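Notes for the structure review
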Amino acid sequence: KTEVLEDISRSKCSFLTLKEIFVDSTPDKSSDFLVIDKSICHIVSNDELEFVYKVCMFFKISLAWFKYAFQITDCKVMSSFLFRKEVKLTAKKLEESMIKIDYTQLFDEIILPIKENLKVLFERIVSCKISPSDVILLFSEYQLGYREELFLLEIFLKLNFEEADIKTCVEKINCVFLMKKYFSHAIAIQQVKESLNLHGDFTSVENMMKPIDEIKSLQDISKDLEYVVASFEGFSDNTFAIFNAISSSLQLFFWLKENLKDPKEVKVFVEIMSIAAGETDYEVDRVKNFESCCLAFSHFIFDLNEKSGFKDLLQACEQTEKIMLSDKNIIKKLVN
């Protein structure tokens, strides 16, 4: 390593910011370094190839230096989201400080410190000591492939964690993002519960509504919570559409539940509305839509009672979904 650096340092070289090497593109420039047999260099991704060419564009780099740099590309670390993110943060700091980096400093002054930072971060993540809030900040731009990312970093950092530990960590990270994804839906379900005066078991919904920033670490995410979150992932788009539609029409459902006892009374009420309504198409359509909605959501209005829980609510939802197969506009009719 030292011999290579000394050999390279004697040659003429340019000075660049780290951002220019790792982040910025350099169009309309060609490299003095020619890779005759790319297979020998083991370049396996566009990211790695781009990395090599960016460095070679600015420096006359010997094959010995390239082999030294290969310790990074060999484990595909340029495909690592967290590695690239750490490099960009470092590049930004150096750019703001107007610090110029000699390429011979890249490994000792930049890459190795980044590697140590990533070790600390990796251990926090896989040990599940990191908070869910930090997980969201860390992975907000990269919500897929957590498992591949962590295994890639483990190879680069030369760590030796149990595969089961990484798998557990990935499951908890996935749980965090699903909680964030379905939080608003859980709120809508809770509003439906309160409006319809349901006092059965809604534990799963209450767990989904727990603020993420109140969970101290991934260790506090239980298997039960993971199961609940996974069940929300299994709901159809229509299921959530139904809950959101009811949530936006709570006063109507509350009034119907308080004033109508069964579907027969709906028919009587519709007849009265038809007589009172005018003869315009708009008024006639509104009466028809009202009747359609009462029938489509009748299980919510008439079948649920104070003892009903979340499972009962889902069963009512299934009945409405069946009606949606023949009337796709039923949600629109209710909301309008």
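Cut-offs applied
Residues numbered from 1 in each chain as written. Predicted model: local features only at pLDDT ≥ 70, side-chain atom pairs only at ≥ 80, totals over all residues. Heavy atoms only, no water. Core = buried A, V, L, I, M, F, W, Y, C linked by side-chain atoms within 4.5 Å. Buried < 20%, exposed > 50% of the residue type's maximum accessible area, 1.4 Å probe, protein only. Domains from an automatic or database assignment. Contact = heavy atoms within 4.5 Å. Helix = DSSP H or I, 4+ residues; strand = E, 2+ residues; numbered from the N terminus. Expected span 1.5 Å × (residues − 1). pLDDT = per-residue confidence, 0-100. Salt bridge = Lys/Arg side-chain N within 4 Å of Asp/Glu carboxyl O. Polar contact = N/O pair within 3.5 Å; in protein donor to acceptor, adjacent residues only side chain to side chain. Phe/Tyr/Trp six-rings, centres within 6.5 Å; stacked < 30°, edge-to-face > 60°.

Take the nonpolar core next. The biggest cluster of nonpolar side chains holds 86 residues, and the ones touching the most others in it are Ile-125, Phe-232, Phe-297, Phe-300, Phe-310 and Leu-313. Split by domain, the residues of this core number at least three in each of domain 1 (37-172) and domain 2 (180-335). When near neighbours in sequence (up to four residues on either side) are disregarded, Ile-125 contacts Leu-82, Ile-130, Leu-138, Phe-139, Leu-150, Cys-169, Ile-173 and Leu-218.

It is worth spelling out helix α7 (residues 106-126) at this point. Along an α-helix, residues three or four positions apart point the same way, because every turn accommodates 3.6 residues. If you check α7, its first and last C-alpha atoms are 28 Å apart, about what 21 residues at 1.5 Å a residue would give, namely 30 Å. Of the positions making up α7, those classed as buried are Leu-106, Phe-107, Ile-110, Ile-111, Ile-114, Lys-115, Leu-118, Leu-121, Phe-122, Ile-125 and Val-126. Of the residues one or two after α7, Cys-128 is the one with positive phi, at around 65°.

Looking at the protein chain as a whole, its pLDDT mean stands at 79, while 76% of the residues score no less than 70. No element of the protein chain has a lower mean pLDDT than helix α3 (residues 38-41), which averages 40, and none a higher one than helix α18 (residues 310-324), which averages 93. In this model, residues 1-21 is a region of pLDDT below 50 whose contacts with residues beyond four sequence positions or in other chains number 42 contacts. pLDDT under 50 marks residues 23-44. Its contacts with residues more than four places away, or in other chains, come to 29 contacts.

The subject of this paragraph is the pattern of salt bridges. Across all of its chains, the model carries seven salt bridges by this definition. As a salt-bridge pair, Lys-119 and Glu-116 come within 3.8 Å of each other at their nearest N and O atoms. Of this pair, Lys-119 and Glu-116 both sit in helix α7, three residues apart, which is roughly one turn of that helix. Owing to a relative accessible area of 44%, Glu-116 belongs among the partly exposed residues under this scheme.

To continue, consider the side chain of Ser-80. Mapped onto the elements of the fold, Ser-80 is located in the loop between α5 (63-73) and α6 (81-96). There is a polar contact of 3.1 Å between the side chain of Ser-80 and the backbone nitrogen of Phe-83. Polar side-chain contacts of Ser-80 include one of 2.8 Å to the side chain of Glu-149. Contacts of Ser-80, omitting those with residues within four sequence positions, involve Glu-149, Leu-152 and Leu-153.

Below, the discussion takes up the environment of Lys-322. With respect to the helices and strands, the residue Lys-322 is situated in helix α18. Separated by 26 residues in sequence, Lys-322 and Ala-296 place their C-alpha atoms 8.9 Å apart.

It is worth spelling out the environment of Tyr-182 at this point. Within the secondary structure layout, Tyr-182 lies in helix α10 (residues 163-195). For the pair Tyr-182 and Phe-240, spaced 58 residues apart in the sequence, the C-alpha separation amounts to 9.4 Å. Sequence-distant contacts of Tyr-182, defined by excluding residues within four places in its chain, comprise Met-208, Phe-232, Glu-233 and Phe-240.

Turning our attention to the packing of aromatic side chains. This structure, assessed with the given rule, holds 16 aromatic pairs. Seen from their ring centres, Phe-232 and Phe-235 are 5.2 Å apart, and the 50° between their planes marks the pair as tilted. Comparing Phe-232 with Phe-235 shows no difference in burial state: the two are buried. Ring geometry for Phe-297 and Phe-300: centres 6.0 Å apart, planes at 45°, overall tilted. The residues Phe-297 and Phe-300 share a single accessibility class, namely buried.

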